[in-house]
Amino acid sequence: MSQSVAITAFRLPNWAKLPVIIGGLIVLFWTAVVLTINFWPIDDPIEMVAKRLMPPSAAHWFGTDALGRDVLSRTLHGARLSLLMSCAVIAAAVGIGCTLGAIAGYVGGFVDGIIMRLVDITLAFPPILLAMAITASLGPGLENAAIAMIVVWWPVYARLMRGQVLTVKVREHVEAAIAGGAGHSRTLLTHILPLTWSPILVNATMDFGQVVLLAASLSFIGLGASPPTPEWGSMISEGAIHFYKWWICAGPGIAILSVVLGFNFIGDGLRDYLDPRSR
């Protein structure tokens, strides 16, 4: 009976399934692009393949840019760079933030104060301005932009994990484990952390699209990918120079929009699935 109730509780309502399906299809499409783009019969994203600033046509669906390169090809190849970098940023931010947040929440006292004050200082700056300042001080480039985004994002997960650990560590099963002789490492890793990952997973899923957007913003102002590398933000920056040639920005703009919407839809679905009370 209890198992049936649990399954029913975690079942998504009908109205919530469609956005999740749409988001899943979008993410699946871009994942397939990242993994298989080298085998697609499309133009080289760096070489000149036609006349400059040609509008969309049957030969070039998204037209060509100011150097005669195919915009569709550059958009699809740019997915690999943007999405893989976002995966690395989210993974590093979650790893660093959750580690420090778990330590702060479990140990408490002076250690908690130091870590949380560092989190407060970092979160006091607007994310885009802090990322710009760090990238500018380190020098333009994808690696430095990734470091800047990790610095911007890890405090969010540190604060979230600390709150989860503080909530779980006062439960009866944790107190029973400590009374039974469990050490600090075993208590934290076995009895506390497994119960804290649901909000972390939801937050990381929804942040993925925001990392893609921030990476594009840094490239747009010249602090990310350098030409001729196909990257969505730098492509939009090139299109801004030729404002009335709308197709130059259309490809990367649609790509960024779809990725952000896709991961937001999946994040909303995960939140409803993992916490039925939020419906």
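Since we're looking at a predicted model, the values are computed, not measured. (Residues numbered from 1 in each chain as written. Predicted model: local features only at pLDDT ≥ 70, side-chain atom pairs only at ≥ 80, totals over all residues. Heavy atoms only, no water.)

Student: Explain the side chain of aspartate 112 residue by residue, including any values.
Tutor: Along the chain, aspartate 112 turns up in helix α4 (residues 109–123). For aspartate 112, a relative accessible area of 11% corresponds to the buried category. Residue contacts for aspartate 112: discarding those within four places in its chain leaves Ala104 and Arg162. (Helix = DSSP H or I, 4+ residues; strand = E, 2+ residues; numbered from the N terminus. Buried < 20%, exposed > 50% of the residue type's maximum accessible area, 1.4 Å probe, protein only. Contact = heavy atoms within 4.5 Å.)

Student: Provide a residue-level description of the pattern of salt bridges, including the pertinent values.
Tutor: One pass over the full model with this rule turns up seven salt bridges. We note a salt bridge from aspartate 112 to arginine 162, for which the minimum N-O separation is 2.7 Å. Of this pair, aspartate 112 sits in helix α4 while arginine 162 is found in helix α6 (residues 142–168), placing the two residues 50 residues apart along the sequence. The network of salt bridges with common partners includes Asp65, Arg69, Arg74 and Glu238. (Salt bridge = Lys/Arg side-chain N within 4 Å of Asp/Glu carboxyl O.)

Student: So what's going on with the packing of aromatic side chains? Which residues, and what values?
Tutor: Scanning all chains against the criterion turns up five aromatic pairs. Taking the centre distance of 5.4 Å and the plane angle of 90° together, the rings of phenylalanine 243 and tyrosine 244 count as edge-to-face. For the pair formed by phenylalanine 243 and tyrosine 244, the shared burial category is exposed. Grouped by ring-pair contacts, the aromatic residues Phe29, Trp30 and Trp232 constitute a single cluster. (Phe/Tyr/Trp six-rings, centres within 6.5 Å; stacked < 30°, edge-to-face > 60°.)

Student: Before we move on, can you summarise helix α8 (residues 184–192) with the specific residues and values?
Tutor: Among the residues of α8, Thr187, Leu188 and Ile192 are the ones counted as buried. All buried residues of α8 project into a common sector of 95° when viewed along the axis, lining one side. Seen from the buried face of α8, the exposed residues on the opposite side, beyond 90 degrees, are Ser185, Arg186 and Leu189. Structurally, α8 contributes buried residues whose contacts are with α3 (71–107), α6 and α7 (172–179). (Arc of directions from axis to C-beta.)

Student: Kindly report on the side chain of threonine 196, identifying the contributing residues and their values.
Tutor: Inspection of the secondary structure puts threonine 196 in the loop between α8 and α9 (197–220). On the accessibility criterion, threonine 196 (0% relative accessible area) is buried. Only 2.7 Å separates the side chain of threonine 196 from the backbone oxygen of leucine 193, close enough to count as a polar contact. (Polar contact = N/O pair within 3.5 Å; in protein donor to acceptor, adjacent residues only side chain to side chain.)

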